[in-house]
Amino acid sequence: REAIEHWVAPFTEMKDFWVTWDHSHVVVARSGDIAYSVGIYKGAGQDREDKTQVFEDKLVNIWHKQADGSWKVAVAIWNTDQPATGPGA
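Residues numbered from 1 in each chain as written. Predicted model: local features only at pLDDT ≥ 70, side-chain atom pairs only at ≥ 80, totals over all residues. Heavy atoms only, no water.

The next subject is the side chain of asparagine 61. Considering the arrangement of structural elements, one finds asparagine 61 in strand β3 (residues 52–65). The exposure class of asparagine 61 is buried, given its relative accessible area of 2%. Ignoring sequence-local partners within four residues, the contact set of asparagine 61 consists of Trp21, His23, Ala35, Tyr36, Ser37, Val73, Val75, Ala76 and Ile77. (Helix = DSSP H or I, 4+ residues; strand = E, 2+ residues; numbered from the N terminus. Buried < 20%, exposed > 50% of the residue type's maximum accessible area, 1.4 Å probe, protein only. Contact = heavy atoms within 4.5 Å.)

This is how it looks when you write it as structure tokens:
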């Protein structure tokens, strides 16, 4: 938990932060109530020193259809091709 909080903290502290998802592949189960999508996400923001941080990484989302017909992400998995940094790198 501590490592995850350490990794997430810079994103939650950014100013003018934005992120978008671009799904290149979506598969819906035959049952019609669960799906997964694969793609990339892009984003940027200003860090504590007002430097612009830009990122583009990979994602997989698992979606669950709600009773009202809308879809919500049940599980979001993302990773990067960037070199590891920080503890344990």
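There's more to say after this.
A word on the packing of aromatic side chains. Ring pairs (aromatic) are described by centroid distance and by the angle formed between their planes. What the rule picks out here adds up to 3 aromatic pairs. Ring plane angle 25° and centroid distance 6.1 Å describe the contact between phenylalanine 17 and phenylalanine 55, whose orientation is recorded as stacked. Of this pair, phenylalanine 17 sits in strand β1 (residues 15–28) while phenylalanine 55 sits in strand β3, placing them 38 residues apart in sequence. Judged by relative accessible area, phenylalanine 17 falls into the partly exposed class, the value being 36%. Taken together, Phe17, Tyr41 and Phe55 form an aromatic cluster joined through their ring pairs. (Phe/Tyr/Trp six-rings, centres within 6.5 Å; stacked < 30°, edge-to-face > 60°.)

The next point concerns the side chain of aspartate 47. Along the chain, aspartate 47 turns up in the loop between β2 (34–46) and β3. Although aspartate 47 is buried, it makes no salt bridge; lysine 51 carries the closest opposite charge, 5.8 Å away. At 2.9 Å, the side chain of aspartate 47 forms a polar contact with the backbone nitrogen of glutamate 49. Here glutamine 53 takes part through its side chain, which lies 2.9 Å from a polar atom of the side chain of aspartate 47. Apart from the residues within four sequence positions on either side, aspartate 47 is in contact with Lys15 and Gln53. (Lys, Arg positive; Asp, Glu negative; His and termini not counted. Salt bridge = Lys/Arg side-chain N within 4 Å of Asp/Glu carboxyl O. Polar contact = N/O pair within 3.5 Å; in protein donor to acceptor, adjacent residues only side chain to side chain.)

Glancing now at unusual backbone geometry. Although it is not a glycine, aspartate 16 sits at a positive phi angle of roughly 55°. By the element assignment, aspartate 16 lies in strand β1. Of note in the backbone geometry, aspartate 50 takes a positive phi value of approximately 60° without being a glycine. For aspartate 50, the location among the structural elements is in the loop between β2 and β3.

Attention now moves to the sheet that holds β1. Taking strand neighbours across the sheet as the criterion, the 4 strands line up as β1-β2-β3-β4 in an open arrangement whose pairing is antiparallel. Both edges of this open sheet fall to β1 and β4 (71–79), since each of them pairs with a single strand only. Taken pair by pair, the neighbouring strands of this sheet meet at an average axis angle of 30°, ignoring direction. One ladder, built from 11 bridges, connects β1 with β2; its direction is antiparallel. Bridging from a neighbouring strand, lysine 15 pairs with glutamine 46 of β2. (Pairing = 2+ DSSP bridges. Axes fitted to C-alpha atoms, helices over the stretch in contact; angles between N-to-C directions.)

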